[in-house]
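A look at the structure
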Amino acid sequence: MMGILVLVTRGIDQNLQRTGRYIAFDEWIKLVESDPSLRIRTAPYVAVNPATGDRIATRAGEADSELEIRGEWVPFLRYHEGKLTIRFTDALLDPANPIRNKIAAVAKALDALITPDVGEELLTW
Amino acid sequence: MVGFAQGERLTVVFKHGTLGVRRALDGIQLILGRLGVPCTGFELDGDPPASLAQALSRLEATHTKRFRLVGQGWKFLLGSVGGWNLDFLEITSESKPESIWDEWAAPFVSSSDFVMAWIANSEYEYWQNARDPVEYRAAGKSYADLPMISNGLRYPLEQEIVDTSRNPGRRILRHGYIEVVGAVMWLGESFWPLSGANRRQVSDAGWLRISIIGPLAIRLKAAEHCFTEAASASGALQVQLRSLLFPARNVAAGSFVRY
């Protein structure tokens, strides 16, 4: 049922029809700046190659965000061409998950919908 | 190949980071206006039709650096390839527009950021560069007689693909330009040091018709119509032109263009 990404988008409607609507970059920045639990990420992402142990750093996007959970900042939604994306994890299946709940709050604030990247259903979080 | 199979395409290459959505759409709107084509009814990345002004507004508001616009018998594809240090704009006509490509090229070739441009038959260029057998099967086209090579990936991703490295119509991404030939080409000031071609040798080639386009670019014509055959005299002409424009290159390096 689930794709690799979860999208927050205005690009589809309740009937999964394409709308041509988008979330403007400035709109997203404004929302992040107005919410103390959110901030724009500036630090690179670091991963470790399991085969070699090498650390691989990739630069954060121009409007990737972080969410504060119990004093710790964790990667949150990324802005990309009018949509917000986040990698799907099993933890998001839990209705009590704070990241899931924040995604739902952001979608509501932006009058947007939540969908897996395969785009075949809406997520009513 | 889906759509525009019979049409022609102008591809324009710019220095990386210089051909943004506004510059590209300004040029497109200018020429569509001159041709009397409405700047409305264009699908942006498959979304409902909109005007080019609306598309520009959306692209800028979302900080988008590429687009795919289809409408009014035209397809426009803007891309930016940071790893190869170039931007490109493909302008594809559903029909065969013949002589209007000079008009399309004009707003772009006069720029100091312009690198190169060429005209191609869409179908010919596509199949000269199609390497995945899936593409052939989907089109009901046999690849039984074509040379095959490994894609070079490890198991389980390894598979045989069509070897296009000797095709006269092959495109290869190079740093700052694309190794390719067309019946008509425009070459900017920055093309020469990038490709290693000798401008004088090109200008003196008696088998080409060369014209000077402003202070920075030249236009060369190698054939009356777009290349559509890899064999016979046409194929030999493409090989000869490739040797002249890309003398130091071989097919082992670079990356085949897959948009």
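Residues numbered from 1 in each chain as written. Chains lettered and ligands numbered in written order. Predicted model: local features only at pLDDT ≥ 70, side-chain atom pairs only at ≥ 80, totals over all residues.

**Here we look at the domain arrangement of chain B**
How big an interface is tends to be reported as the loss of accessible area on association of its parts. Which entries qualify depends on this criterion: An automatic or database domain assignment supplies the start and end points of every domain.
One can read the domain layout of chain B as domain 1 (8-129 + 165-248) and domain 2 (132-163). Using only C-alpha atoms to locate each centre, domain 1 of chain B and domain 2 of chain B end up separated by 27 Å.

**A look at the packing of helix H1 (residues 21-35) of chain B against helix H3 (residues 101-109) of chain B**
Residues and elements named next belong to chain B. We count it as follows: Under this scheme, a helix contributes an axis fitted over its contacting stretch, all axes are lines through C-alpha atoms, and angles between N-to-C directions fall in the 0 to 180 degree range. Helix numbers and strand numbers start at the N terminus; a helix is a DSSP run of H or I with at least 4 residues, a strand a run of E with at least 2. Here a crossing is called left-handed whenever its near helix is offset anticlockwise from the far helix by less than a right angle, and right-handed whenever the offset is clockwise. For every residue pair, C-beta atoms are placed from the backbone, and the pair is scored as a contact if these atoms sit within 7 Å. Note on residue categories: nonpolar means Ala, Val, Leu, Ile, Met, Phe, Trp, Tyr, Cys or Pro, charged means Asp, Glu, Lys or Arg, and polar means any other residue, Gly included.
Packing of H1 against H3 leaves a shortest axis separation of 10 Å and a crossing angle of 150°. Every pair of crossing elements has a handedness; the one defined by H1 and H3 is right-handed. Touching Gly27, Leu30, Ile31 and Arg34 of H1 are Glu103, Trp104, Pro107 and Phe108, all from H3. Here the contact of H1 with H3 is built from residues that sort into five nonpolar, one polar and two charged.

**Considering the sheet that holds strand E13 (residues 217-221) of chain B**
Two strands in a sheet stick together by hydrogen bonds in their backbones, pointing the same way (parallel) or opposite ways (antiparallel). Residue and element names in this part refer to chain B. Stated precisely, the cut-off is as follows: Following DSSP output, two strands are said to pair if at least two bridges run between them.
Taken together, nine strands build an open sheet; the order of strands is E2-E3-E4-E5-E1-E6-E11-E13-E12 and the sheet is antiparallel. Looking along the sheet, the strands with just one partner apiece sit at the ends: strand E2 (43-44) and strand E12 (209-213). The pairing of E12 with E13 spans five bridges and is antiparallel. Pairing of Ser211 across the sheet is with Arg219, part of E13.

**A short note on the interface of chain A and chain B**
Every contact between the two is made by eight residues of chain A and, on the other side, nine residues of chain B. Classifying every residue of the side of chain A that touches chain B by side-chain character gives three nonpolar, two polar and three charged.

**Describing the nonpolar core**
Within soluble globular proteins, side chains that are nonpolar tend to cluster in buried spots. For clarity, the cut-off: A set of buried residues drawn from Ala, Val, Leu, Ile, Met, Phe, Trp, Tyr and Cys, joined through C-beta atoms within 7 Å, is what defines a nonpolar core. We call a residue exposed when 12 or fewer other C-beta atoms sit within 10 Å of its C-beta, buried when the count reaches 20 or more, and partly exposed for counts in between; the C-beta positions come from the backbone.
Membership of the largest hydrophobic core comes to 57 residues, with the highest contact counts inside it found for B:Val13, B:Ala55, B:Met116 and B:Ala117. When residues of this core are assigned to their parent elements, the largest contribution, seven residues, is made by strand E6 (residues 114-121) of chain B. In this structure, A:Tyr22, A:Ile23, A:Leu84 and A:Leu113 belong to the second largest nonpolar core, which totals 19 residues.

**Quick word on helix H2 (residues 52-61) of chain B**
All names here are of chain B. Where we set the bar: Think of it as the arc spanned by the lines of direction from the helix axis to the C-beta atoms.
When we look at burial in H2, the residues that qualify are Leu52, Ala55, Leu56, Arg58 and Leu59. Along the axis of H2, the buried positions cluster into a sector of 165°, meaning they face one direction only. Against the buried residues of H2 lie H1, E2 and strand E3 (67-71). One or two residues past the end of H2 sits His63, with phi positive at roughly 55°.

**Quick word on the environment of B:Thr164**
All names here are of chain B. Within the element layout of this structure, Thr164 appears in the loop between strand E8 (160-162) and strand E9 (172-174). The class of Thr164 is buried, set by 20 C-beta atoms lying within 10 Å. Taking the C-alpha atoms as reference, Thr164 lies 9.3 Å from Ile149; in sequence the two are 15 residues apart.

**Topic: the sheet that holds strand E2 (residues 38-40) of chain A**
Residue and element names in this part refer to chain A. Pairing in this open sheet of six strands is antiparallel, and the strands run E2-E5-E6-E7-E1-E8 from one edge to the other. Edge positions in the open sheet fall to E2 and strand E8 (113-116), since each of these has one partner strand only. Averaged over all neighbouring strand pairs, the angle between strand axes comes to 30°, with direction disregarded. As paired strands, strand E5 (residues 64-69) and strand E6 (residues 72-80) are joined by five bridges and run antiparallel to one another. What sits directly across from Ile69, in E6, is Glu72. Across the sheet, helix H1 (residues 25-34) touches E2, E5, E6 and strand E7 (83-87), and the angle it forms with E2 is around 130°.

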